[in-house]
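Understanding the architecture of this molecule
Chain by chain, the residues:
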Amino acid sequence: DKCYRVEKDSNGVERKVGTGREARCVEFDEYMKEAEKFRTKYGVNHILLSTESDEAINSVLKGTYKGWVFSYSNTTRVKTSLQEAIKRGAIAAGQETQNSLTNLLLAVEADFLICTPSSNWCRTILRYALALRGHLPRYAFMDKWSHDVLPEFPGENMRQALLEEMPKDNP
């Protein structure tokens with residue numbers, strides 16, 4: 001397996017295709033509308049596509065989105081849940097752990113993030129970005145989940161400080 005190099009100006013785009021058991025599925029065109037806003041404002045043209053779906057990868061390989069560079073990890077993707085695929089032996093548990101960590105570290109380094117915060121994956125990326133970088137990337141949320149996106153720190157005013165330090169064009 002290999003992972004393509006991600007340029008500095010990159011968008012972390014999490015794409016969910018499936019039943020929506022964990023988070024609301026959003027059409028890829030909707031993600032690209034948000035990416036276009038980042039491109040217009042900041043000149044972004046490179047997207048790291050973090051997905052478990054071959055369908056998502058195939059949709060960007062068709063060349064529909066002109067002027068964009070897409071990167072993604074070259075790994076086995078399955079149409080069922082990862083847990084089911086591991087149980088069936090379609091993918092190795094250890095390899096999938098390595099793939100997930102690689103995708104997480106790449107996403108954390110992205111300068112921009114487009115995701116659904118109702119997804120555990122999106123919230124994990126946000127939390128690690130905050131922990132490793134000390135700030136959140138510029139982001140666009142594809143749903144209105146807000147229950148635990150930013151942590152509460154008892155006895156501290158950290159949440160308010162984080163909100164004040166966020167880039168001003170975030171909702």
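Here goes a summary of the coordinates provided. (Residues numbered from 1 in each chain as written. Predicted model: local features only at pLDDT ≥ 70, side-chain atom pairs only at ≥ 80, totals over all residues. Heavy atoms only, no water.)

Describing the overall build of the protein
Note the following rule: Labels follow the DSSP assignment, with helices taken as runs of H or I lasting at least four residues and strands as runs of E lasting at least two, numbered in each case from the N terminus. Type-normalised accessible area, obtained with a 1.4 Å probe on protein chains alone, sets the label of each residue: buried when under 20%, exposed when over 50%, and partly exposed for intermediate values. Whether two residues are in contact is decided by their heavy atoms: any pair within 4.5 Å suffices.
Per the secondary structure count, the protein includes 6 helices and 5 strands. Start at the N end of the protein and walk to the C end: the helices and strands fall as β-α-β-α-β-α-α-β-α-β-α. In the protein, which comprises 171 residues, the proportion classed as buried is 42%. Intrachain contacts of the protein at a sequence separation of at least 6 include 66% that bridge at least 24 residues.

Focus on a nonpolar patch on the surface
For clarity, the threshold we go by: Surface patches are defined over residues having more than 30% relative accessible area and no salt bridge, joining like charges when they lie within 9 Å and nonpolar side chains (Val, Leu, Ile, Met, Phe, Trp, Tyr) when within 5 Å. The Shrake-Rupley method, run with a 1.4 Å probe sphere, supplies the accessible areas, and residue values consider only the shown protein chains as cover. Salt bridge, as applied in this entry: a Lys or Arg side-chain nitrogen positioned within 4 Å of an Asp or Glu carboxyl oxygen.
Among the surface-exposed residues, Leu105, Tyr128 and Leu132 lie close enough to one another that they form a single nonpolar patch of about 320 Å² accessible area. With respect to the helices and strands, Leu132 occurs in helix 5 (residues 120-133). The exposure class of Leu132 is exposed, given its relative accessible area of 55%.

Here's the deal with the pattern of salt bridges
Side-chain pairs of opposite charge can arise whenever the charged atoms involved come near each other. All told, the structure shown has 4 salt bridges when counted by the stated rule. The salt bridge partner of Lys33 is Glu30, with a shortest N-O separation of 3.1 Å. Here Lys33 and its partner Glu30 are both found in helix 1 (residues 28-42), 3 residues apart, which amounts to about one turn of the helix. Exposure remark for Lys33: the relative accessible area of 49% places this residue in the partly exposed category. Judged by relative accessible area, Glu30 falls into the partly exposed class, the value being 34%.

Thoughts on the state of the cysteines
Worth spelling out the cut-off: The disulfide criterion used throughout: a pair of cysteine sulfur atoms within 2.5 Å.
Taken as a whole and judged by the stated rule, the model has 1 disulfide. In this model Cys115 forms its disulfide with Cys122; the gap between the sulfur atoms is 2.0 Å. Here Cys115 and Cys122 have matching classes, each one buried.

Here we look at the environment of Val60
By the element assignment, Val60 lies in helix 2 (residues 54-61). A C-alpha to C-alpha distance of 9.9 Å links Val60 and Ser71, two positions 11 residues apart in sequence. Those residues in contact with Val60 that sit more than four places away from it in its chain are Phe28, Leu49 and Phe70.

Some remarks on the nonpolar core
Side chains of a nonpolar character, in soluble globular proteins, are inclined to be buried together. Defined as follows: In this text, buried Ala, Val, Leu, Ile, Met, Phe, Trp, Tyr and Cys residues form a nonpolar core when linked through side-chain atoms within 4.5 Å.
Formed by 19 residues in total, the largest nonpolar core has its most connected members in Phe28, Met32, Trp68, Phe70 and Ile114. Contributing elements (two or more residues each) for this core: helix 1, strand 2 (46-50), helix 2 and strand 4 (112-115). Counting residues per element, this core draws most heavily on helix 1, which supplies 5 residues. The residues touching Phe70, leaving out its near neighbours within four places in the chain, are Phe28, Met32, Ile47, Val60 and Tyr65.

Description of the environment of Asp143
The criterion, for reference: What qualifies as a polar contact is a pair of N or O atoms within 3.5 Å, subject to a donor-acceptor requirement within protein and to the restriction that residues adjacent in sequence count only when both atoms come from side chains.
With respect to the helices and strands, Asp143 occurs in the loop between strand 5 (138-141) and helix 6 (158-165). Spatially, the C-alpha atoms of Asp143 and Cys115 are 8.2 Å apart, while their sequence positions differ by 28 residues. Here the side chain of Asp143 touches Ser118 through a polar contact of 2.3 Å, side chain to side chain.

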